[in-house]
Amino acid sequence: MSVRLLQICAYALVLTALLPRRGEAASPPPALYTRSQALQGASAFEWKCASCHGHHLQGGVGPALEGPIFASAKSDFTIQQVYEFLSVEMPAYAPGSLTRTQYLDITAFLLRQNGYPAGVRALTDRIASHCTVPLLYRPAAKASPKVVKSKALAGKPLIVPRVNAP
Amino acid sequence: MTRFQAFLPRRSLWRIALSAVLLAPAAGAFAAGYPVVTNARLLHAASDNGWLMFLRDYTGDSYAPFRQINTRNVSGLKPAWDYKIGMKQGFEGSPIVNGRYLFVTTPKDHLIAFDAVTGKVLWKYQKSLAGVGLKTVCCDVVNRGVALYGNNVYMATLDNYVVALNAQTGKVVWQKQIKPADVGYAMTLAPLTLEGMVIVGTSGGEYGARDFVVALDARTGREIWRQYTVPSPGQPGSDTWPKGEIYQHGGGSAWLTGTYDPSSDTLFWGGGNPGPWLAKLRPGKNLFTDSLQAFNPRTGQRKWYYQYTPHDSWDYDGVNTPMITSLTYHGRRYQAIVHADRNGWLYVIDRRTHKLIYAVPFAHAISLAGFRDGLPYTDDAVRPAVGKQIFTCPSFLGGKNWWPASVDPATHMVYVPTIHTCMTMKGAPTFYKPGLPYLGETFKVVHDPNDSNWGALQAFDLDTGKRAWNHETRLPWDAGAMSTAGGLVFSGTPQGHLLALDARTGQVLWRSPKLSSGIIAPPVTYRVDGRQYVAILAGWGGATPIWGGDMVKSVANIPVGGHLYVYSLN
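Residues numbered from 1 in each chain as written. Chains lettered and ligands numbered in written order. Predicted model: local features only at pLDDT ≥ 70, side-chain atom pairs only at ≥ 80, totals over all residues. Heavy atoms only, no water.

**Focus: the overall build of chain B**
Per the secondary structure count, chain B includes four helices and 38 strands. Scaling as 2.2 N^0.38, a compact globule of 570 residues should have a C-alpha radius of gyration of about 25 Å, and chain B matches this with 22 Å. Principal-axis analysis of the C-alpha atoms places the extent of chain B at approximately 75 × 50 × 50 Å. Classification of the 570 residues of chain B by burial places 67% in the buried group. In chain B, the proportion of contacts linking residues at least 24 apart, taken out of those at least 6 apart, comes to 61%. (Helix = DSSP H or I, 4+ residues; strand = E, 2+ residues; numbered from the N terminus. Rg over C-alpha atoms; globule rule 2.2 N^0.38 Å. Buried < 20%, exposed > 50% of the residue type's maximum accessible area, 1.4 Å probe, protein only. Contact = heavy atoms within 4.5 Å.)

Following this line, the structure appears as structure tokens:
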């Protein structure tokens, strides 16, 4: 199963490489996590991260974790880098203190908030730590129709676009 | 123009109005209201009526020769004026005062000019941080205040600008970016003005930056010199780094304002922790991280150095203020640097021989085990590695963090804000990526097993190296100290009380009513028309609630929000 997801990740990577970069993502984003992971992640985030990164991920003493400044071509973060960083070094007052599942759920939540669709397969440590797909913010309005109509989303837009001036 | 009417006596208004008509441009008409800050005034800032720079004067001793407010009458301190600023992040700034102008900076680089007597707002400025992610700012989005020169006021910003503004109008005169934002570098320090230059240093030891001190022309912003704290291959000190590119991410941040010794024409500036945190990744002493550096202020050439923590693996930045003073130790007179380091040791260094005079621990200190021939050595048993968790003291937050200590020439004491913390620390995988931290360690701040309190304000007799008094507190001591000729030490608490202690005994002589938030900033004092004032910013935040581990719980319910308070006798 995870092999499939790695393929999805790799496929997205190829597309990204082929399509011109215009600050925002142009390629269809891969579906790397499940809706339930993102929901679990939302509450874990609220509990363990929001005090510093904001209840709406808008930033506080820690940087914003959603939006065009966090996930930009200029930042040039990959999903792997962000996952590996946050699962080792966050939360700041007790780095590495969460469970693996919590870190994966939170990563799923960050993906959702930055415009990545949920899918049918769960994000695993193996996928997250190998997925070199760039993390690029995809505001709902600009998301490709494919994303919005994806089955996993079941017609419900999960992405609440927000412009965060930190 | 109306802005200034606020604080001018009414009968002079018509004269101002008249001269504004006669003199063009209008701003010139008010020049008399703003005392020009000359080199001479900066060199004699210690005796100025204002508070002209970060730690009052070039010695960095935060000592004022004012005695109107003193041990006998301090209990009569009353609010003179106050101003609610708001904002939920930490307020670490020193109010800077020149004549009747008082300047305060806030988190996220706002700057407010007040009338120092009435509290009237004269102007406000806000640095635009649009498009800035504040990604590489570790310890709250703070600013520690401004510097003054000529008719300008200078601020260093989180996106690495130095901004020069007209002190009377708040209009930007020039601004210059010394590094791009969000790729490892940021600035939170108060600049230092010296001989027509404005000097700043960068933060970034957590992000794989290669940090530096830079001097700009105060009039134009033109860069005069830039000195990196981590040498490139071939430069002196480069043999203390592994070969290859690692020096480019070697840290050595220069994130606190330095001091200046006119007698030897030397600029002193601390170097911060090396990067990445995990020392195993960079064998060698890693000069000039965690070091006192002595520069020629005209060229930026390094004259000498003293490394406080060799080959640091515990984030013991050496940036705490190198205070300039003289003292008598074992019958000998010394021109000294006094420095309370993050590693928990108080260093007293000879400014002439560049050698250690003595060092004493002021907090539980294990990582730095002792001294041989005046040079420190570390305990290898408490060096973390991947798969090896260690326990050591103090924590990476230090026996003392950045909060300015104060040296009182009357008591010959140094007053040291202290925290009692230890930590667990372990090696972890890391990779360098601009915009992300570069640590290679995980960690947790825990209680000092030898002390059930989180904090203390301590006094050490500089002539003996012995502790003179100790004011212990359940909560961490997170604020700067200031001493005065009135025999007082002022500092603040996380609960939001400004305190005045007897400089000789440590007895609390006055405690302000609970302010609207906790205090992490240093107090300042100034005189206008013969009246002495004490000013302090309240506004909880900073590093402790972010990185404080087990300490976070103890400070979790402190209300936030910035507020400036000014006190005087009735």
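**Quick word on the interface of chain A and chain B**
Facing the 20 residues of chain A at the interface are 28 residues of chain B. With both chains or domains summed, chain A and chain B bury close to 2,100 Å², and 65% of this area falls on carbon and sulfur atoms. Here B:K433 makes a salt bridge to A:D76, at a shortest N to O gap of 3.2 Å. Counting across the chain A and chain B interface gives five residue pairs in polar contact (both at pLDDT 80 or more). Taken together, the residues of the side of chain A that touches chain B break down into 14 nonpolar, three polar and three charged. (Buried area = accessible area lost by both parts, 1.4 Å probe. Salt bridge = Lys/Arg side-chain N within 4 Å of Asp/Glu carboxyl O. Polar contact = N/O pair within 3.5 Å; in protein donor to acceptor, adjacent residues only side chain to side chain. Nonpolar A, V, L, I, M, F, W, Y, C, P; charged D, E, K, R; others polar.)

**Structural notes on the sheet that holds strand β2 (residues 77-86) of chain B**
All names here are of chain B. Taken together, the four strands give an open sheet; going across it, the order is β2-β38-β37-β36, and neighbouring strands pair in antiparallel fashion. Sheet topology places β2 and β36 (524-528) at the edges, where each strand pairs with a single neighbour. Pairs of neighbouring strands in the sheet enclose a mean axial angle of 25 degrees, with direction left out of account. Of the strand pairs in this sheet, β2 and strand β38 (residues 562-569) are connected by eight bridges, and their pairing is antiparallel. Counted as the bridge partner of Y83 is L564 from β38. (Pairing = 2+ DSSP bridges. Axes fitted to C-alpha atoms, helices over the stretch in contact; angles between N-to-C directions.)

**Side note on the pairing of strand β35 (residues 508-511) of chain B**
Residue and element names in this part refer to chain B. With three bridges joining them, strand β34 (residues 498-502) and β35 adopt antiparallel strand pairing. Residue pairing in the sheet places L501 in a bridge with V508 of β35. Between β34 and the antiparallel strand that follows it, β35, lie five residues; G506 among them carries a positive phi value of about 85 degrees.

**Some points on the sheet that holds strand β6 (residues 121-126) of chain B**
All names here are of chain B. Read from one edge of the open sheet, four strands run β3-β4-β5-β6, paired in antiparallel fashion. The open sheet terminates on both sides in strands that have one partner only, identified here as β3 (96-98) and β6. Between one strand axis and the next, the sheet turns through 15 degrees on average, direction left out of account. In the sheet, strand β4 (residues 101-105) pairs with strand β5 (residues 110-115) via five bridges, with the strands oriented antiparallel. Each residue of the ladder has a partner; that of Y101, found in β5, is D115.

**A look at the environment of B:G270**
Residues and elements named next belong to chain B. Tracing the backbone through its elements, the reader meets G270 in strand β16 (residues 266-270). Once the C-alpha coordinates of G270 and T157 are considered, the two residues, 113 residues apart in sequence, prove to be 19 Å apart. Those residues in contact with G270, other than ones at most four positions away along the chain, are S253, A254, S291, Q293, G318 and V319.

**Points about unusual backbone geometry**
For residues other than glycine, phi is negative in most cases, and the peptide bonds are mostly trans. The step from B:G275 to B:P276 runs through a cis peptide bond, and the omega angle for that step is -10 degrees. Along the chain, the position of B:P276 falls in the loop between β16 and β17 (291-295). Residues other than glycine seldom take positive phi values, yet A:L57 does so here, at roughly 60 degrees. Given the relative accessible area of 1%, A:L57 is considered buried.

**As for helix α5 (residues 100-113) of chain A**
All names here are of chain A. Here α5 is 14 residues long and its end C-alpha atoms lie 20 Å apart, about the 20 Å a rise of 1.5 Å per residue gives. Across the 14 residues that make up α5, a large majority, twelve, are buried. Among the residues of α5, those classed as buried are Q102, Y103, L104, D105, I106, T107, A108, F109, L110, L111, R112 and Q113. On its buried face, α5 is in contact with β1 (33-34), α2 (35-48), α4 (79-89) and α6 (125-128). (Expected span 1.5 Å × (residues − 1).)

**Considerations on the pattern of salt bridges**
All names here are of chain B. Considering all chains together, one arrives at 14 salt bridges over all chains under this definition. The salt bridge involving R144 is made with E92; its shortest N-O contact spans 2.9 Å. One end of the pair, R144, is in the loop between β6 and β7 (147-149); the other, E92, is in the loop between β2 and β3, with 52 residues separating them in the sequence. Like R144, the residue E92 is buried in the burial classification. R383 is the salt-bridge partner of D380, the closest N and O atoms lying 3.2 Å from each other. Judged by its relative accessible area of 9%, R383 is buried. Linked by salt bridges that have partners in common, D315, D317 and R342 make up one network.

**Points about the side chain of B:R56**
Residue and element names in this part refer to chain B. Relative to the helices and strands, R56 is located in the loop between α3 (39-43) and β1 (63-64). With no salt bridge to any partner, buried R56 finds its closest opposite charge in D57, at an N-O distance of 4.8 Å. A polar atom in the side chain of R56 sits 2.9 Å from the backbone oxygen of A46. In this structure the side chain of R56 is engaged in a polar contact, spanning 2.7 Å, whose partner is the backbone oxygen of G50. (Lys, Arg positive; Asp, Glu negative; His and termini not counted.)

**Some remarks on the nonpolar core**
In this structure, B:F103 and B:Y526 are the most contacted members of the largest nonpolar core, which totals 91 residues. If we skip the residues at most four places from it in the chain, B:F103 touches B:Y34, B:S94, B:P95, B:I96, B:L111, B:I112, B:A113, B:W123, B:V146, B:L148, B:V153 and B:A167. Counting 37 residues, the second-largest nonpolar core is a separate cluster that includes A:Y33, A:A50, A:C131 and A:V133. (Core = buried A, V, L, I, M, F, W, Y, C linked by side-chain atoms within 4.5 Å.)

**Notes on the packing of α2(A) against α5(A)**
Residues and elements named next belong to chain A. The N-to-C vectors of α2 and α5 enclose an angle of 100 degrees; their axes lie 7 Å apart at closest approach. Taken together, α2 and α5 sit at an angle that is classed as roughly perpendicular. Packed against α2, whose contacting residues are Q37, A38, L39, Q40, G41, A42, A44, F45 and W47, the element α5 presents Q102, L104, D105, I106, A108, F109, L110 and R112 at the interface. Among the residues making up the contact of α2 with α5, the classes are represented as eleven nonpolar, four polar and two charged. (Parallel < 35°, antiparallel > 145°, perpendicular 65-115°, else oblique.)

**Section: the environment of B:P417**
Residue and element names in this part refer to chain B. Tracing the sequence through the fold places P417 in strand β27 (residues 413-419). It is 8.6 Å that separates the C-alpha atoms of P417 and G399, two residues lying 18 residues apart in sequence. Discounting residues that sit within four places of it in the chain, P417 has contacts with G399, K400, W403, P404, A405, A456, L457, W477, A479, G480 and A481.

**Considerations on the state of the cysteines**
Under the definition given, this model contains two disulfides over all chains. B:C138 shares a disulfide with B:C139; S-S distance 2.2 Å. Taking the sign of the S-S torsion, -105 degrees for the link of B:C138 and B:C139, the bridge is left-handed. Between B:C393 and B:C422 runs a disulfide, and the two sulfur atoms are separated by 2.2 Å. Judged by the sign of its S-S torsion, about 100 degrees, the bond between B:C393 and B:C422 is right-handed. Taken as a pair, B:C393 in the loop between β25 (389-392) and β26 (406-408) and B:C422 in strand β28 (residues 421-427) lie far apart in primary sequence, 29 residues in all. Both residues of the pair, B:C393 and B:C422, belong to the buried class. Within chain B, bonded cysteines paired by disulfides and numbered along the sequence follow the pattern 1-2, 3-4. Considering cysteine sulfurs only, A:C52 is the nearest to A:C49, which forms no disulfide, with 8.8 Å between them. (Disulfide = S-S within 2.5 Å.)

These results come straight from atomic positions and should not be treated as a statement about function.
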